[in-house]
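These are the residues of each chain, in order.
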Amino acid sequence: DASHRGLARPDTLATMKKKVLLMGKSGSGKTSMRSIIFANYIARDTRRLGATIDVEHSHVRFLGDLVLNLWDCGGQEAFMENYFASQRHNIFRNVAVLIYVFDVESRELEKDFHYYQSCLSSIAENSKDAKIFCLVHKMDLIPDDQRDIVFAEQEAELRRRSIPFQITCFRTSIWDETLYKAWSSIVVSLIPNVSTLETNLTRFASILEADEVVLFERATFLMIARAEGQEAKARDPHRFEKISNIIKQFKLSCSKTSAQFQSMEMRDERFAAYIDYFTSNTYVMVIMADPTIPSAATLINIASARKHFDKLEA
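Since the model is a prediction, treat every value here as computed from it, not as a measurement.

Asker: For this particular structure, what's the right way to read the overall build of the chain?
Answerer: Looking only at helices and strands, one finds 9 helices and 11 strands in the chain. Across its three principal axes, the chain shows a C-alpha extent of roughly 60 × 45 × 40 Å. The burial tally for the chain puts 53% of its 314 residues in the buried class. Across the chain, the fraction of contacts at a sequence separation of at least 24, relative to all contacts at a separation of at least 6, is 69%. Surface summary for the chain: the accessible area is close to 14800 Å², and the carbon and sulfur share equals 50%.

As structure tokens, then:
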């Protein structure tokens, strides 16, 4: 029973609102990725989305206490110039995260860099502690054998042009799991008690004798914390993002038939895997390397831990 085994508890957190700027030139794919992650679009349906006019504001509640105040900024030149002139203070003050999206096939890369560096200058003046993420997007348009080289070159150039800012770069596409990897990392950077969650997950995994335990945010199915054993490190490094993508698609399929995804169990002679509703804000995935352990024992332990992890998020 995992509920009384001395797991640590953080202080209760007040609701936190974090301002996130999503910027990049028109047509780079900003609104499409936002719609997939936060509005339950599937990739092919984003084709009907129109261009963003000026700034679209949305509030996304994440893990109960964290609210993302997302500013999706239209990328047409007239809007961009306005952001750096009359709207400069309004747009760039109190920013927790700047996400700048680059179209990997852009034919106006110098202009893209100019606007990006203007953003950095505005951030330096108004939100010097903001985290900077650069997404090199539409990587599916680049042949497989060239993607590593193309991304490495663009990342090196972005780092050079971002000095003195420390930036984090991701390659992304709406057609695969790379989008989930990037957004999971971005959101996790805003969660103050991730280390506490991971410490408690590690203890929970030990109690369960589990090979891996992974926590996913309930609405977006972004991975927010995990605990894994040594053997797990040799597996596909992108497995969590792939699972996010697959389960999100499955949840959407369920909703189309007025059903609600609750849980899933898979097993063979090598492992048993459980994905189950966990807290009011999360799902948990448990991987057991020993498939002979009865399902009932694992499910009872998951149920027993719910109350504790609910308190961690409260």
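What follows continues from the structure just given.
Asker: Teacher, can you tell me more about the pattern of salt bridges here?
Answerer: Oppositely charged side chains can form a pair if their charged atoms are brought close together. A complete count under the given rule lists 18 salt bridges for this structure. Between Glu125 and Arg88 there is a salt bridge; the shortest N-O distance is 3.1 Å. Highlighted residues: Glu125 in helix α4 (residues 109–126) and Arg88 in helix α3 (residues 88–92), separated in sequence by 37 residues. With relative accessibility at 55%, the residue Glu125 sits in the exposed group. Taking the shortest distance from any N to any O, the salt bridge between Glu212 and Arg239 comes out at 2.6 Å. Taken together, the residues Glu212 in strand β7 (residues 212–217) and Arg239 in helix α8 (residues 239–256) connect sequence positions 27 residues apart. The burial state of Glu212 is the same as that of Arg239; both residues are buried.

Asker: Could you clarify how one ought to interpret the sheet that holds strand β8 (residues 223–228) in this entry?
Answerer: Strand pairing in a sheet is mediated by backbone hydrogen bonds. Such pairs are either parallel or antiparallel. Ordered by their spatial adjacency, 5 strands build an open sheet running β8-β7-β11-β10-β9, and the pairing between neighbours is antiparallel. Of all the strands in the sheet, just β8 and β9 (263–267) have a single pairing partner and so form its edges. Averaged over all adjacent pairs, the angle separating strand axes in this sheet is 10°, with direction ignored. Sheet topology places β9 next to strand β10 (residues 272–277); 5 bridges connect them, and they run antiparallel. Counterpart to Ser263 in the pairing with β10 is Asp276. In the packing of α8 onto the sheet, contacts are made with β7, β8, β9, β10 and β11 (282–288), and the angle to β7 comes to roughly 50°.

Asker: What should I look at first to understand the side chain of Ser106 in this one?
Answerer: Considering the arrangement of structural elements, one finds Ser106 in the loop between β4 (95–103) and α4. Judged by its relative accessible area of 11%, Ser106 is buried. A polar contact of 3.1 Å, which involves the side chain of Ser106, links it to the side chain of Lys25. In terms of polar contacts, Ser106 uses its side chain to reach the side chain of Asp112, at 2.7 Å. Every residue in contact with Ser106, bar those within four places of it in the chain, is listed here: Lys25 and Asp112.

Asker: How do you make sense of the sheet that holds strand β3 (residues 66–73) when you look at a structure like this?
Answerer: Taken in spatial order, the 6 strands of this open sheet run β2-β3-β1-β4-β5-β6, and their pairing is mixed. Each end of this open sheet is capped by a strand with a single partner; those strands are β2 (55–62) and β6 (167–171). Strand after strand, the sheet turns through a mean of 20° between neighbouring axes, direction not considered. Bridge count for strand β1 (residues 16–24) against β4 is 6 bridges, and the pairing is parallel. Counted as the bridge partner of Lys19 is Val95 from β4. On the sheet, helix α2 (residues 77–84) packs against β1, β2, β3 and β4 and is oriented at approximately 130° with respect to β1. Across the sheet, helix α6 (residues 178–188) touches β1, β2, β3, β4, β5 (131–137) and β6, and the angle it forms with β5 is around 175°.

Asker: So what exactly am I meant to see when it comes to the layout of surface pockets here?
Answerer: Picture a little ball the size of a water molecule; that probe, rolled over the atoms, points out where space is still empty. The computed volume of the largest pocket comes to approximately 410 Å³. Top element by residues in the lining of the largest pocket is helix α1 (residues 30–38). It accounts for 3 residues. Class assignment for the residues of the lining of the largest pocket results in 5 nonpolar, 14 polar and 5 charged.

Asker: Could you clarify how one ought to interpret the packing of α1 against α6 in this entry?
Answerer: Geometrically, a packed helix pair is captured by the angle between its two axes and the distance between the axes. At a minimum axis distance of 11 Å, the contact between α1 and α6 shows a crossing angle of 80°. Between α1 and α6, the angle is such that the two are roughly perpendicular. Residues Met33, Ile36, Ile37 and Phe38 of α1 touch α6, and the partners they reach there are Leu179, Tyr180 and Trp183. Class assignment for the residues of the contact of α1 with α6 results in 7 nonpolar, no polar and no charged.

Asker: When you look at α8 in this model, what are you seeing that I'm missing?
Answerer: A turn of α-helix holds 3.6 residues, and therefore any two residues three or four places apart point the same way. For α8, which comprises 18 residues, the first-to-last C-alpha distance of 26 Å matches the rise-based estimate of 26 Å (1.5 Å per residue) to within 8%. Among all positions of α8, only Arg239, Phe240, Glu241, Ser244, Asn245, Ile247, Lys248, Lys251, Leu252 and Cys254 are buried. Backbone geometry just after α8 places Ser258 at a positive phi near 60°.

Asker: Sorry, what's going on with the confidence of the model for the chain here?
Answerer: Averaged over every residue, the pLDDT of the chain is 86; the share at 70 or more is 92%. For the stretch residues 1–14, pLDDT sits under 50, and the model shows 31 contacts to residues farther than four places along the chain or on other chains.

Definitions and cut-offs
Residues numbered from 1 in each chain as written. Predicted model: local features only at pLDDT ≥ 70, side-chain atom pairs only at ≥ 80, totals over all residues. Heavy atoms only, no water. Helix = DSSP H or I, 4+ residues; strand = E, 2+ residues; numbered from the N terminus. Buried < 20%, exposed > 50% of the residue type's maximum accessible area, 1.4 Å probe, protein only. Contact = heavy atoms within 4.5 Å. Areas by Shrake-Rupley, 256 points an atom, 1.4 Å probe, with all protein chains shown as cover. Salt bridge = Lys/Arg side-chain N within 4 Å of Asp/Glu carboxyl O. Pairing = 2+ DSSP bridges. Axes fitted to C-alpha atoms, helices over the stretch in contact; angles between N-to-C directions. Polar contact = N/O pair within 3.5 Å; in protein donor to acceptor, adjacent residues only side chain to side chain. 1 Å grid on protein atoms, 1.4 Å probe; cavity = no way out; pocket = protein on both sides within 12 Å on 5 of 7 lines; lining within 4 Å. Points joined across faces, edges and corners; volume = space filled by probe spheres on them. Nonpolar A, V, L, I, M, F, W, Y, C, P; charged D, E, K, R; others polar. Parallel < 35°, antiparallel > 145°, perpendicular 65-115°, else oblique. Expected span 1.5 Å × (residues − 1). pLDDT = per-residue confidence, 0-100.

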